[in-house]
Amino acid sequence: MSERIDQTVVTEQRGRSGGWPTLAVVLLAVAVIWGVVLPRLGEQPAVRARIERFERQGIEPAALFYSDLPAMSHWEAEVARARAECSEKLGESGAGR
Amino acid sequence: MSEPPVDAVEEVEPPAGADDGGSQLLRSEDWWAIWLGGAILAVCLAAVLLSGARDGGAYGSPFKSWLAKPGSWSDDPLSSIYVAGGKSSLPGMLGAFVVALAGFGAAVAAGGTRFTSFIGGFCLVFLLATFAYVLAEQEVINAYNLEYALWALVAGLLISNTIGTPAWVRPALRTELYIKTGLVLLGAEVLFSRLLSLGVPGIFVAWVVTPVVLVSTYWFGQKILKIASPSLNMVISADMSVCGVSAAIATAAACKAKKEELSLAIGISLTFTVVMMVVMPAVIEATGMSNVLGGAWMGGTIDATGAVAAAGEFLGEEALHVAATVKMIQNILIGVVAFCVAVYWVLFVERDPSAPRPGVGEIWRRFPKFILGFVAASIIFSLMYSNMIDGPAIVDATIKESTKTLRGWFFCLAFVSIGLETNFRELAQYLRGGKPLVLYLCGQSLNLCLTLLMAWLMFEVVFSDLTKSLAQ
């Protein structure tokens, strides 16, 4: 049980590589990537267009569950409309026969 | 840094044998997850009901501005948290911090850990969770489905594998409590009325193919690949066949998987999700497949919910609508999957083959009780959604404006805790031999074939009229 998710006794951490200097280097890399590289990448026309399309459509690409998608109710309504239309057509063709 | 002895911070959990009902109800993390999750759902629902309908019949939660996560940002990470004179996430983040500290603090105190020894560690875990959220909310990162679970794991791993996790943080590393409480909250989002959103074709693509793929992949992992850990096999099978990270979390808790196994399954799933969300729309376009069929195929196969929507959008509106709806129907399956996995584990996997069939008492003792809270929340909110006057508006306001935010924070805290407890070497040993990767690849290949076949049968052959309506 000690290594399971429901574990309650925390074991001592082993194996540390480099300590504070390594942590500082990684944090510096994070600062450069998130502070400089990604913002520049976000300015590229293709990437910018993709981000703007997602915003316009209410898409949250990192959604974990359907309830995290802001426009889900709208899409569900569109599907319901198509289903209702389909049922209506089938009803009409059935009545016409 | 001088560290107190490990036993100074360990949690006092009643031993498995001492299953005193009253004590378990007050001390076990499973039950506390139910009490906490239930209390949060009840308070948030009551707040929406007491606020009443606004003009136009819309409902809202008074907690909306008091519960928030860092927002999206492009070039200034601070704007994710604080915007001078604008809409700032800071008060909402502080609100989430206070709720989490009070709730989890009470739970650990009931379990025998001093509340004061929990506070310091919890502050650091929450700070790292905030850091993970800020990294995930960068708009380019967000657009490629690199979600907060990944960055929370990375943030924890970074600390534990460089300077080491300080001993004073350990009382706050309550992975199980955070995950299970988050899952009880997630239960309220598993609304069964949504199962019929796409009618029979949706049920066949999402609820017939998915369990077949899940069971086949698990069987393949056990019998052919002979993966040593059944729980690793199950978590990978579920996150690949159902809906990515959320399914991995639910099944990992249901089958008591190791934290490294959950981390590994999520890492594999996110990696392939990024690839599939780019490659699948290109393949669908290149083969001239209809957008409705393509949408259904992606909805049933791409692991992550957000990635499904993003990939669907690439093809067009109808593909987006169908893909997201199929994935939503598949999302609802996680309640059933978690329950069935928990029962299967208690009855067959944990059972000693030489021992007689376990009695009801033994099954109850081993059963992960939080599943009951998860299922109960799902049933209660599903009934309210379908039968109550203004049910959809009330349930939506409760979830979208309060509980969903807390669920996200609790999962984020859990992943930071996993990272802080994990050593890279422990993680690497699971990849030895490449069996988890082979399992994922074989299972996903089966998933791609079966889902395409079923989607073609449903949308192109049996219900082609529906496809025409969806395409208009």
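Worth saying up front: this structure is predicted, and the values here are computed from it rather than measured. (Residues numbered from 1 in each chain as written. Chains lettered and ligands numbered in written order. Predicted model: local features only at pLDDT ≥ 70, side-chain atom pairs only at ≥ 80, totals over all residues.)

Digging into the overall build of chain A
Helix and strand counts for chain A come out as three helices and zero strands. Taken across its 97 residues, chain A has 25% of its residues classed as buried. (Helix = DSSP H or I, 4+ residues; strand = E, 2+ residues; numbered from the N terminus. Buried ≥ 20, exposed ≤ 12 C-beta atoms within 10 Å, placed from the backbone.)

A short note on the overall build of chain B
Looking only at helices and strands, chain B has 20 helices and zero strands in total. Relative to its length of 472 residues, chain B is compact, with a C-alpha radius of gyration of 22 Å against a globular reference of 23 Å. Each principal axis of the C-alpha atoms in chain B carries an extent, and together these give about 65 × 65 × 45 Å. Per-residue burial for chain B yields a buried fraction of 56% across its 472 residues. Long-range pairs, those at least 24 residues apart, make up 80% of the contacts in chain B with a sequence separation of at least 6. (Rg over C-alpha atoms; globule rule 2.2 N^0.38 Å. Contact = placed C-beta atoms within 7 Å.)

Some thoughts on the environment of Phe370(B)
Residues and elements named next belong to chain B. Mapped onto the fold, Phe-370 is located in helix H16 (residues 370-387). When the C-alpha atoms of Phe-370 and Ala-149 are compared, they prove to be 21 Å apart, with 221 residues separating the residues in sequence. With sequence-adjacent residues up to four places away left out, Phe-370 is seen in contact with Asp-30, Ala-33, Ile-34, Lys-180, Leu-183, Val-184 and Ala-253.

Here's the deal with helix H3 (residues 90-110) of chain B
All names here are of chain B. A rise of 1.5 Å per residue sets the reference length of H3, with its 21 residues, at 30 Å; its end C-alpha atoms lie 30 Å apart and thus fit the reference within 8%. Among the residues making up H3, those that are buried are Gly-92, Met-93, Ala-96, Val-99, Ala-100, Gly-103, Phe-104, Ala-107 and Val-108. Angular distribution of buried residues about the axis of H3 spans 145 degrees; they occupy a single face of the element. What points out from H3, more than 90 degrees from its buried face, is the exposed set Leu-90, Val-98 and Ala-102. On its buried face, H3 sits against helix H2 (29-51), helix H4 (115-136), helix H7 (175-187) and helix H17 (391-421). (Expected span 1.5 Å × (residues − 1). Arc of directions from axis to C-beta.)

Topic: the interface of chain B and chain A
If you look at the interface, chain B gives 71 residues, while chain A gives 52 residues. Among the elements that make up the side of chain B that touches chain A, the one with the highest residue count is helix H14 (residues 317-349) of chain B (eight residues). Looking at the side of chain B that touches chain A residue by residue, the classes come out as 31 nonpolar, 20 polar and 20 charged. (Nonpolar A, V, L, I, M, F, W, Y, C, P; charged D, E, K, R; others polar.)

Digging into the domain arrangement of chain A
Think of interface size as the accessible area that goes away when the parts come together; that is how it is often given. When cut into domains, chain A gives domain 1 (19-57) and domain 2 (62-97). Inter-centroid distance (C-alpha atoms) of domain 1 of chain A to domain 2 of chain A is 37 Å. (Domains from an automatic or database assignment.)

Things to note about the confidence of the model for chain A
Residue and element names in this part refer to chain A. Mean pLDDT for chain A: 81, with 76% of residues reaching 70 or above. At the low end of the mean pLDDT range in chain A sits helix H3 (residues 72-96), at 81; at the high end sits helix H1 (residues 20-43), at 95. Across residues 5-15, where pLDDT falls below 50, the model places 34 contacts with residues more than four positions away in sequence or in other chains. (pLDDT = per-residue confidence, 0-100.)

Some remarks on the packing of H14(B) against H16(B)
All names here are of chain B. At a minimum axis separation of 10 Å, H14 and H16 run at an interaxial angle of 150 degrees. With respect to each other, H14 and H16 are oriented roughly antiparallel. Between H14 and H16 lies a crossing whose hand is left-handed. Here Gly-335, Ala-338, Phe-339 and Ala-342 of H14 come into contact with H16, specifically with Ile-371, Phe-374, Val-375 and Ser-378. (Axes fitted to C-alpha atoms, helices over the stretch in contact; angles between N-to-C directions. Parallel < 35°, antiparallel > 145°, perpendicular 65-115°, else oblique. Left-handed = near helix turned anticlockwise from the far one by under 90°.)

Thoughts on the nonpolar core
Residue and element names in this part refer to chain B. Grouped together as the largest cluster of nonpolar side chains are 171 residues, with contacts concentrated most on Ala-129, Ala-132, Ala-152, Cys-412, Leu-413 and Val-416. When residues of this core are assigned to their parent elements, the largest contribution, 17 residues, is made by H14. Not counting the four nearest positions on each side in its chain, Ala-132 is found in contact with Tyr-148, Trp-151, Ala-152, Ala-155, Cys-412 and Val-416. (Core = buried A, V, L, I, M, F, W, Y, C linked by C-beta atoms within 7 Å.)

Brief notes about the confidence of the model for chain B
The predicted model of chain B has a mean per-residue pLDDT of 90, with 95% of residues at 70 or higher. Across the interface, the model reports ipTM at 0.88; the global pTM reads 0.89.

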